[in-house]
Structure formats: C-alpha cells, structure tokens
Amino acid sequence: MKKNILFVILCTITTLLTAQVKYETYRSIKLDQNRDIKVQLPRNYEKNEKKTYPVILVLDGDHLFEPVAGNVDYFSYWEDMPESIVVGIIQKKTREEDCRYELASHLPTEKGADFFEFIGQELMPYINETYRTAELKIIVGHDYTANFINYFLFKDNPIFQGYINLSPELAPPMKERIENVLTSARSDLWYYLATATNDAENIKKDLIKLDEKLSQIENPELNYFFDNFDESSHYTLVGRAIPKALEAFFKMYRPISKKTYKEEILPLETSFYDYLVDIYSTTEKLYGIKRQIRINDFIAISTAIEKNERWEELESLGKLAIKEHPETMLGYYYLGLGYEQLGEPKKAMRAYENGFQLAEIAFLTKDYMLDKVQKIKDDFGF
C-alpha cells in the first residue's frame, strides 16, 4: 500500500515538472490584502497561441492544488480531458474567514462576502484577461471550502459550470438550496459530490441524504455524480474523488473506447458518420472547445462501416478526414475504398493515387496505397 501511495505521489510530481506552474501575488481591492495564487498552464500553452483552455479554480490551494493539477495534466496528456488552466488560491491562514457565512441567512458575510466578490469580480476576470481561457469554468473545494463553492450556484448567470464538492460540510439550508438550483438549471451544469465510509459521520449522513434527492432530479441540463468511497476517510477520499470527478465531467471528451465501439457503435442502425460528427459537435457545445477529430476515432467509425458494409458512408467520412487531416492519406484511402466497393474503379484509383502523395498514417503506407492502385489496374486493365 505504501509503495502504491509513493508511486502516485511520484507520478504527480513528475507531471507537475512537465507542466508550467507559476506563483503569483494578486493585490485584492475587495480584501484589501495580497493573495497568493498558483497557476498551472498546459504543457504546450506557449506554442498553441490561438488555443483557449477551460479553467479549474481550486480553493484550499495549499493542499488541493497539486493533486488537482497533477490529475489534470495526466488526463489531458492522454486526451481524456481537454488541456486546462488550473488556478489555486492559498488559504492556509485565511480559509475560515474566507468562507465565513452568517448564522441566520447562512450566506457569505464579512470577509466571506469579500472573498466571494474577490473570486467573481477580481480573480476570475484577471485570469480571463491574462490567459487564453475557454467558456468552461470549474471550481473545487474540500469540506468548509466545498460548502462555499456552492454559493456561486445561486447567481443568475453562474461563472462556474462545474462544481467538485469533496466531502462538503454544508450549511444547514444548503441541501435544499442545491436541490432547487439543480432542478431548475437551464444550461449545462456538472455537479460532483463525494463522501466515504470513514468520513465524518455528520457529513456522511448529510451527503447520503442529499444524494437520495439529487439522484431523483430529471433535468437534461444537469450532469450529476456521487461517490461514497469504501474504506476512505475525510482526507483520503480526496485522492480518489478528483480523478473520478474529472472522468465523469469529461466522459464525452474521451476517445472512442472498445466498450463504446462494441456496445454503442456496432449495433447502430443509423449513420455511423453522423454518430462521429454528433460526438464532436456535442462536446463543442458542452465544453466550448472546438477540436480536431482524432485519428483513432476515424478508424473506429470506418471499421464499423466496413463490418456492416455500408460503403456509401465512406465518401462522407473520407471528405471529413481530408478536411481534418489534409496532410495524411487517410481521407483519400476512405474515398478509394468506398468507390472500389461501390463499383467505381476509376474514381477509386484516382483517390488512392492522390493519397499516395501524402503522409503515411496508422496502418496506411505508400506501399499499401500503391498496391491498391496496381490491383485495380490489373483487375480492370487500366
């Protein structure tokens, strides 16, 4: 067990070494004091000058920033989530005052109200102005700070669309308020809640009761997730919950898996091509990020087309591949294969010849494309 924990720590440290972590001091007018923040930029932030990135704001940045930033860097490296900017607020000496709420209304008061305005009116605008940010914003908190992040839900136009609540110590009326907001949400909203069998007893009971209500909400705009980790404590659940939350939030972003291919794609009676286009248009709408269609996703869809012998779909797929990856022979291969199977050898030969001049990719080589051309010539005497 100790070896496994050490391995996770080493992996986190390694990923942080490859990403760009900056330490900044921000002078807050609202708080009338300097606040220290940490900012992790994606690995290729400087090279991709036109690319924008989601922002993940981490409260309790003293201890939460590194596990969140490490997981974000690792997941994005494998394209299981978009590269993102991670911002951590240092609160070691101020968290109690930062998250203070009034005992009658249970809303932020005094320094808590100032801290709320600091995030919404100063810090997040500063991040948006300083870095290339996308529309999607996520906020993370643990126990006391996890209660605080929910106050942003109550704004008419919330600046955060995703909320990662790690064992939140909720104010008395917060459960009802959360249920009401999630029920009536009119735009895409991600909400993650985590507790554990060895969590503080009062927190665990509250969250299990809250989950019973939230899991019954029928709102197509809501993406709700809950975990009750076996044998974890109030503190150790954090290491398990962060990757689970990121996996859940970005399920639609991940590459087509073998399971998805077998269970969802192969049995499709509708267009495979439309399925691929819909995945990427949906993720663009959900996450506000336009991205290039992955080679592996093209291959998964083309394999399903071949297995079901829907050769007419290869023309549309080929044209899309040429648009997405114009430097490779992939699109022309799909055009050639489709024309060949539909009995149009001249069109097929021209497509293969055009592809021969481009870069090799995946299973496609120049020799393979040349063999396809030669076979058509031999068979039809061209």
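Residues numbered from 1 in each chain as written. Predicted model: local features only at pLDDT ≥ 70, side-chain atom pairs only at ≥ 80, totals over all residues. Heavy atoms only, no water.

## Some details on the overall build of the protein
Scanning the protein from terminus to terminus reveals 15 helices and 8 strands. Here the C-alpha coordinates of the protein stretch approximately 90 × 45 × 45 Å along the principal axes. For the protein, buried positions account for 49% of its 382 residues. In the protein, once contacts between residues fewer than 6 apart in sequence are set aside, the share between residues at least 24 apart is 72%. Total accessible area on the protein is roughly 19,400 Å²; 51% of this is exposed by carbon and sulfur atoms. If the 48 positive side-chain charges of the protein are averaged to one point and the 61 negative ones to another, these points end up 2 Å apart. (Helix = DSSP H or I, 4+ residues; strand = E, 2+ residues; numbered from the N terminus. Buried < 20%, exposed > 50% of the residue type's maximum accessible area, 1.4 Å probe, protein only. Contact = heavy atoms within 4.5 Å. Areas by Shrake-Rupley, 256 points an atom, 1.4 Å probe, with all protein chains shown as cover. Lys, Arg positive; Asp, Glu negative; His and termini not counted. Charge placed at Lys NZ, Arg CZ, Asp CG, Glu CD.)

## Considering the packing of aromatic side chains
Counted according to the given criterion, the structure contains 24 aromatic pairs. Aromatic side chains F225 and F249 sit 6.0 Å apart centroid to centroid with 40° between the ring planes, which places their arrangement in the tilted category. With F225 in strand β8 (residues 222-233) and F249 in helix α8 (residues 237-249), this residue pair connects regions lying 24 residues apart in the sequence. Taking the relative accessible area as the measure of exposure, F225 reaches 24% and is therefore partly exposed. When the ring of Y253 is compared with that of Y287, the centres are 6.3 Å apart and the planes differ by 65°; the resulting orientation is edge-to-face. Pair noted here: Y253 is in the loop between α8 and α9 (258-265) and Y287 is in helix α10 (residues 272-287), with a separation of 34 residues, a long-range link. (Phe/Tyr/Trp six-rings, centres within 6.5 Å; stacked < 30°, edge-to-face > 60°.)

## Quick notes on the sheet that holds strand β7 (residues 189-198)
If you walk across this open sheet you meet the 8 strands as β1-β2-β4-β3-β5-β6-β7-β8, and the pairing is mixed. Edge positions in the sheet fall to β1 (20-28) and β8, since each of these pairs with one other strand and no more. Going from strand to strand, the sheet's axes swing by 20° on average, the running direction of each strand aside. Running at roughly 170° to strand β4 (residues 85-89), helix α2 (residues 61-77) makes contact with β1, β2 (33-41), β3 (53-58), β4, β5 (133-142) and β6 (162-166) of the sheet. (Pairing = 2+ DSSP bridges. Axes fitted to C-alpha atoms, helices over the stretch in contact; angles between N-to-C directions.)

## Looking at the nonpolar core
Counting 48 residues, the largest nonpolar core has L57, I119 and Y191 as the members making the most contacts within it. At 7 residues, the largest contribution of residues to this core is made by helix α4 (residues 111-130). Those residues in contact with Y191 that sit more than four places away from it in its chain are N150, L153, Y163, N165, I178, L182, L214, L222, N223, Y224, F225 and F249. By size, the runner-up hydrophobic cluster in this structure holds 37 residues, among which are I265, Y280, L320 and A321. (Core = buried A, V, L, I, M, F, W, Y, C linked by side-chain atoms within 4.5 Å.)

## Comments concerning unusual backbone geometry
Of note, D143 is a non-glycine position whose phi angle comes to about 45°, a positive value. Inspection of the secondary structure assignment puts D143 in the loop between β5 and α5 (144-149). The residue E309 is not glycine, and still its phi comes out positive at about 55°.

## Points about the side chain of D188
Locating D188 in the fold gives a position in the loop between α6 (174-184) and β7. Among the polar contacts made by the side chain of D188, one reaches the side chain of K285 at a distance of 3.2 Å. Among residues more than four places away in sequence, those in contact with D188 are Q161, E221, K285 and L286. (Polar contact = N/O pair within 3.5 Å; in protein donor to acceptor, adjacent residues only side chain to side chain.)

## Brief notes about the pairing of β1
Here is the key point about a regular strand: its side chains alternate between the two faces of the sheet. When β1 meets β2, the two strands line up antiparallel, connected through 9 bridges. Residue Y23 lies in a different strand from β2, and its bridge partner there is K38. In sequence, β1 turns back onto β2 through a hairpin of 4 residues, with D32 there showing a positive phi of about 55°.

## Here's the deal with the side chain of K204
Relative to the elements of secondary structure, K204 occurs in helix α7 (residues 201-214). Among the polar contacts made by the side chain of K204, one reaches the main-chain carbonyl oxygen of T197 at a distance of 3.0 Å. The residues contacting K204, other than those within four sequence positions of it, are T195, A196, T197 and D199.

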